[in-house]
Amino acid sequence: MFVPEGRVTNERLSLLMDTTDEWIRQRTGIAERRLARRGQSSSVLGAEAARRALADAGLEPGDVDLLVFATMTPDHYFPGNGGLLAHALGISGTHAIDLRMQCAGFLSGLHVADAFIRSGSARRVLLVGAECHASLFSWTDEDWAVLFGESDGPIRPEALAWGTQHRDRAVIFGDGAGAFVLEAHAADDGRGFEAFLMRTDGRHWDKLYVPGGGSASFPYFSPAMFADNLTVPVVEGRQVYRLATTAMPEIVREILSQRGLTPSDLTLLLMHQANLRINEAVQKSLGLSDAQVFHNIQKYGNTTAATLPLVFHEAREAGRIRPGDLVGFTALGAGVHWGAALLRA
Ligand code: UT7
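Residues numbered from 1 in each chain as written. Predicted model: local features only at pLDDT ≥ 70, side-chain atom pairs only at ≥ 80, totals over all residues. Heavy atoms only, no water.

Colleague: I tried to follow the nonpolar core on my own but got confused; where do I start?
Modeller: Soluble globular proteins: nonpolar side chains tend toward being buried together. One finds Leu85, Leu126, Val128 and Trp139 to be the most contacted residues of the largest nonpolar core, which totals 45 residues. Ranked by residue count, the leading element in this core is helix H3 (residues 42–57), at six residues. Once residues within four sequence positions are removed from consideration, Leu126 is found in contact with Ala50, Leu54, Val64, Leu66, Leu67, Val68, Leu89, Ala179, Phe180 and Val181. (Core = buried A, V, L, I, M, F, W, Y, C linked by side-chain atoms within 4.5 Å. Buried < 20%, exposed > 50% of the residue type's maximum accessible area, 1.4 Å probe, protein only. Helix = DSSP H or I, 4+ residues; strand = E, 2+ residues; numbered from the N terminus. Contact = heavy atoms within 4.5 Å.)

Shown next, in the form of structure tokens:
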């Protein structure tokens, strides 16, 4: 995993919007988040995570024969980040796939990697999830200095008004990147990804989306869009909350029952980290103990496609994933797309 060094606490956010540390902690569980600076685009963050994952696996970039890049904040409208990652890693003969699945992006990437490897189309896959949400917000360099604790102002009244108008979204997102290297496991010891179950319900596409920018608008970007903040995501928080707290437990139960298992068989369930309250509700619905869950949203906020590798990495570092453990993954994101996976570690 790789997160930018810029740390933004709830206290610093409350200088640029009408919010409090208490509100953010109570409603989301988040204490701080990392946010990217100019130049730390999603492909830059993703390339660093990729280098670390390759080093962890003892491999060189050239040892990989497929790249998959999941992000909802790509460097450019097109092309996607896959080619930029290949370039950053110095690979030229490898296919790269871009996934636009938002908070379900990394889970979907695992599913794609698994299918390519099982079909024999790829031997080794480098999967990256990375986000630069900082680019969605209209802060100036002076505002960012306040957020990063490098200046106390003056606070521009327009910045305070903009922050307050977008405070429900500005408090939840954080930046970062994670990567997995996946390959076929030859030994017949039951280890590896056992199952995937993925769903999409497009009826909810407008519960979580960016209204401006795209071919639904003619022209696809216009000055009016920026004036009206239409390039900032719209999040219907309560409806997303309801969807997440019902769809994630249901799909986890379903993937387990397909294999004759129940939630009590899970060593650990790693959930997308959008809101700690959502994850507590999922935990309760599935009857999981505290030993069966692991969270790091407190430090990073919602890092969208980077979340699952961040939480996997830190759970592994904390000694919470040991050989033979049954690890579940679940996520729900804009689309809406959601799913679950089972890994025998
Ligand atoms: O992974 C994909 C994205 N995931 C998600 O969106 C899920 C995570 N998001 C959430 O769970 C919710 O969106 C939040 C907890 C972040 C926001 O809660 P909400 O209930 O959706 O907020 P809201 O915009 O509907 O506002 C509810 C109230 C409003 O006050 P009134 O009108 O009821 O008096 C807001 O002004 O909460 C107020 N509010 C805030 N107050 C202080 C919203 N954001 C803030 C804030 N600080 N940061």
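Colleague: Whenever I open this one, the pairing of strand E10 (residues 268–271) confuses me. Can you help?
Modeller: Successive residues of a regular strand alternate their side chains across the two faces of the sheet. Judged by which residues are buried, E10 turns out to be covered on both faces: Leu268 and Leu270 on one side and Leu269 and Met271 on the other are all buried. As paired strands, E10 and strand E11 (residues 326–333) are joined by four bridges and run parallel to one another. Bridge pairing in E11 places Leu270 opposite Phe329. (Pairing = 2+ DSSP bridges.)

Colleague: Before we go on, may I ask you to explain helix H7 (residues 157–165) in this structure?
Modeller: Since there are 3.6 residues in each turn of an α-helix, residues three or four apart along the chain are aligned in direction. Taken together, the buried positions of H7 are occupied by Ala159, Trp162 and Gly163. The arc that holds the buried residues of H7, viewed along the axis, is 100°, so those residues lie on one side. Those residues of H7 that are exposed and angled more than 90 degrees off the buried face are Pro157 and Gln165. In this structure, the buried side of H7 is in contact with helix H6 (141–147) and helix H8 (167–170). (Arc of directions from axis to C-beta.)

Colleague: Explain the site of the ligand here, please?
Modeller: The immediate surroundings of the ligand are formed by 20 residues, with Thr19, Cys103, Arg167, Asn275 and Asn302 found nearest. Between an oxygen atom of the ligand and a side-chain N or O atom of Asn275, the distance comes to 2.7 Å. Between the ligand and Asn302 there is a distance of 2.9 Å, counted from an oxygen atom to a side-chain nitrogen or oxygen. Protein chains shield 74% of the accessible area of the ligand, which is 930 Å² for the free molecule. Residue assignment for the shell around the ligand shows that the elements contributing at least two residues are helix H2 (21–28), H8 and helix H10 (237–258). Broken down by element, the residue count for the shell around the ligand peaks at four residues, all from H10. Grouping the amino acids of the shell around the ligand by side-chain chemistry returns ten nonpolar, five polar and five charged. (Near = heavy atom within 4 Å. Polar contact = N/O pair within 3.5 Å; in protein donor to acceptor, adjacent residues only side chain to side chain. Areas by Shrake-Rupley, 256 points an atom, 1.4 Å probe, with all protein chains shown as cover. Nonpolar A, V, L, I, M, F, W, Y, C, P; charged D, E, K, R; others polar.)

Colleague: Looking at this model, I keep getting lost on empty space enclosed by the protein. Mind explaining?
Modeller: The gaps of empty space that remain are located by a probe, the size of a water molecule, rolled over the atoms. Following the criterion strictly, the structure yields one cavity of 30 Å³ or more and no others. Around the largest cavity, the lining residues are Leu13, Leu35, Phe137, Trp139, Trp144, Leu147, Ala170 and Phe173. In terms of residue class, the lining of the largest cavity is built from eight nonpolar, no polar and no charged. (1 Å grid on protein atoms, 1.4 Å probe; cavity = no way out; pocket = protein on both sides within 12 Å on 5 of 7 lines; lining within 4 Å. Points joined across faces, edges and corners; volume = space filled by probe spheres on them.)

Colleague: Whenever I open this one, the pairing of strand E4 (residues 95–99) confuses me. Can you help?
Modeller: Relative to E4, strand E3 (residues 66–70) is paired through five bridges, and the arrangement is parallel. By the bridge assignment, Leu66 is partnered in E4 with His95.

Colleague: Quick question: what am I supposed to make of helix H11 (residues 276–286) here?
Modeller: Taken together, the buried positions of H11 are Leu276, Ile278, Asn279, Val282, Gln283 and Leu286. Buried residues of H11, viewed axially, fall in a sector of 155°; they line one side. One side-chain oxygen of the residue at the start of H11 lies 2.8 Å from the amide nitrogen of Arg277, identifying that residue as Asn275. Downstream of H11 by one or two residues, Gly287 has phi in the positive range, about 65°.

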